[in-house]
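Here is how the chains run, residue by residue.
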Amino acid sequence: MDKISVVIPAYNAENFIENAVNSVLSQTHREVEVLIVNDGSGDRTKEICERLEKQHTQVRFIDKPNTGVSDTRNTALWNLTGEYVFFLDADDLLPEYALELLLGEIKRESCKAVYGTHAYRYPDGKLLPRSARIMSGVYTFEDIKDRFLDDGTLTGILFGSACGVLYRTDILRENRILFPVGVAANEDGIFNLYFLSCADRFCVLDSPYVYLYNQWKNKVKQPLDIDRRLAKADEVLLESLARLGLKEEFASQLLRRRATVAFVHAVRIAGARTNLIQSRRYLKSLFNAQGVQEGLQEMDYEHMSRYKRMICMMMRRRMYVLFYLVIRYIYPLAGKVIKR
């Protein structure tokens, strides 16, 4: 059998969940289980999911109190029945060929997982396909270990998302790989760190895209919220590296990550609803935080876009006001700067 369990964690998703489920039921690969786990939604999500479960034999529904997305996904991992698992957010979609394409690749190459690419889908229907950060092919963890955490281009963890990936369920269960509970940033990257350290080989499929990120959900978070989330992620990440015996080996990447995290913080604060005086004070403390300037010196400027090189130059020279003005007014879509 080649049964794929598509896990959809749902929280207040009444406006999206049915479209997400329908995109799975429309897949050309028919051996599919849709496992929806409601994370204590306060809207009509539960009602809609119960109806979908009655209408479609492929749909299973689990209702639970609100504990966060990691614990919700873990609940699904303990209850799914497929040989493979795929994670889909409740407000995103799959192109109809996605699962068939990924399954064909993972079987052809005898891999433990296949990482696909995605496209951004905008409210006007426009699609913006994105390329993988490494070429299509078969890899081992050793092949990408020196750039997994931070490759020096201000792009973050190499495999920072669990969405758009087809995993073999037996590898997850044999190694007891779960999402870190209580972490609300970089939890997918930590999950992939554990998975890839246990998998002898995995595939990367650069095209066509297999996942559609709906872009109406991108909102600027409050800076202090970002602070707390990333601080917790770093704490768990360090614990994970120590547990895997990789902390010393990842020392240079951890230094670069300080600069990358500072960059994310800085772009968020400059794009948030704060005035120039408040932002300058925050940016000053951020650019001078321990390890940030050292991390900026270690970045891979040769492979960085010119936009990011310019941003790094402003951070290194501590040009707080110019940084604020550039992010706030010249590049108002700060998310694009981060992703590129």
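Bear in mind that the values here come from a model prediction, so they are computed numbers and not experimental data.

Remarks on the environment of M304
For M304, the location among the structural elements is in the loop between helix 11 (292–297) and helix 12 (306–316). Setting aside its immediate chain neighbours within four residues, M304 contacts G152, T153, L154, M299, R309 and C312.

So, the packing of helix 1 (residues 17–25) against helix 2 (residues 45–55)
Running from N to C, helix 1 and helix 2 point in directions that differ by 25°, and their axes come no closer than 10 Å. Regarding the angle of helix 1 to helix 2, the classification is roughly parallel. Along this stretch, helix 1 crosses helix 2, giving a crossing that reads as right-handed. Here helix 1 contributes I17, E18 and V21 to the contact with helix 2, which in turn contributes I48, C49, R51 and L52. Grouping the constituent residues of the contact of helix 1 with helix 2 by class yields five nonpolar, no polar and two charged.

As for the packing of helix 10 (residues 276–287) against helix 13 (residues 320–330)
Helix packing for two helices is described by the angle between their axes and how far apart those axes are. One way to put it is that helix 10 packs onto helix 13 with a least axis distance of 9 Å and a crossing angle of 115°. Handedness of the helix 10/helix 13 crossing: right-handed. Together, L276, S279, R280, L283, K284 and F287 of helix 10 and Y320, V321, F323 and Y324 of helix 13 make up the contact between the two elements. Here the contact of helix 10 with helix 13 is built from residues that sort into seven nonpolar, one polar and two charged.

Overview of the sheet that holds strand 6 (residues 118–121)
In spatial order, the strands read 7-6-11; together these three strands make up an open sheet with mixed pairing. Each end of this open sheet is capped by a strand with a single partner; those strands are strand 7 (127–129) and strand 11 (211–214). For this sheet, the mean inter-axis angle between neighbouring strands, taken without regard to orientation, is 30°. In this structure, strand 6 lies alongside strand 11, joined through four bridges in parallel fashion. Looking at the pairing, Y120 lines up with Y213 of strand 11.

Notes on helix 10
Residue pairs three or four apart in sequence face the same way in an α-helix, which turns once every 3.6 residues. Taking 1.5 Å of rise per residue, twelve residues should cover 16 Å, and helix 10 covers 16 Å from first to last C-alpha, within 8% of that figure. Considered for burial, the residues of helix 10 that qualify are S279, Y282, L283, L286 and F287. Each buried residue of helix 10 lies within a common arc of 125° when the element is viewed along its axis, so the set occupies one face. Along helix 10, exposed side chains directed more than 90 degrees from the buried face belong to I277 and R281. Where helix 10 begins, the capping side chain belongs to N275, and its oxygen is found 3.2 Å from the backbone nitrogen of I277.

A short note on the environment of S252
The topology assignment puts S252 in helix 9 (residues 251–271). Measuring from C-alpha to C-alpha, the distance between S252 and D146 comes to 9.1 Å, with 106 residues separating the pair along the chain.

Here's the deal with the layout of surface pockets
Taken as a whole, the second largest pocket holds about 330 Å³ of empty space. If you trace the second largest pocket, you find 14 residues lining it, with D234, R257, R258, V261 and Q290 closest to the centre. Among the elements of the structure, helix 8 (223–243) and helix 9 are those that each provide at least two residues to the lining of the second largest pocket. Split by residue class, the lining of the second largest pocket holds nine nonpolar, two polar and three charged.

Details of the packing of aromatic side chains
Scanning the model with the defined rule gives 17 aromatic pairs in all. Consider the rings of F87 and F179, whose centres lie 5.2 Å apart with planes at 90°: the pair is edge-to-face. Placement of F87 in strand 4 (residues 84–87) and of F179 in the loop between helix 6 (169–174) and helix 7 (187–198) is noted, with a sequence separation of 92 residues between them. For the pair F87 and F179, a shared accessibility class is recorded, and that class is buried. Ring centres of Y115 and F202 lie 5.7 Å apart, and the angle between their planes is 75°; on these two criteria the pair is classed as edge-to-face. In this pair, Y115 sits in strand 5 (residues 113–115) while F202 sits in strand 10 (residues 202–204), placing the two residues 87 residues apart along the sequence. Taken together, the aromatic side chains of F87, Y115, Y139, F159, Y167, F179, F191, F195 and F202 make up a single cluster linked through ring pairs.

Conventions used here
- Residues numbered from 1 in each chain as written.
- Predicted model: local features only at pLDDT ≥ 70, side-chain atom pairs only at ≥ 80, totals over all residues.
- Heavy atoms only, no water.
- Helix = DSSP H or I, 4+ residues; strand = E, 2+ residues; numbered from the N terminus.
- Contact = heavy atoms within 4.5 Å.
- Axes fitted to C-alpha atoms, helices over the stretch in contact; angles between N-to-C directions.
- Parallel < 35°, antiparallel > 145°, perpendicular 65-115°, else oblique.
- Left-handed = near helix turned anticlockwise from the far one by under 90°.
- Nonpolar A, V, L, I, M, F, W, Y, C, P; charged D, E, K, R; others polar.
- Pairing = 2+ DSSP bridges.
- Expected span 1.5 Å × (residues − 1).
- Buried < 20%, exposed > 50% of the residue type's maximum accessible area, 1.4 Å probe, protein only.
- Arc of directions from axis to C-beta.
- Polar contact = N/O pair within 3.5 Å; in protein donor to acceptor, adjacent residues only side chain to side chain.
- 1 Å grid on protein atoms, 1.4 Å probe; cavity = no way out; pocket = protein on both sides within 12 Å on 5 of 7 lines; lining within 4 Å.
- Points joined across faces, edges and corners; volume = space filled by probe spheres on them.
- Phe/Tyr/Trp six-rings, centres within 6.5 Å; stacked < 30°, edge-to-face > 60°.

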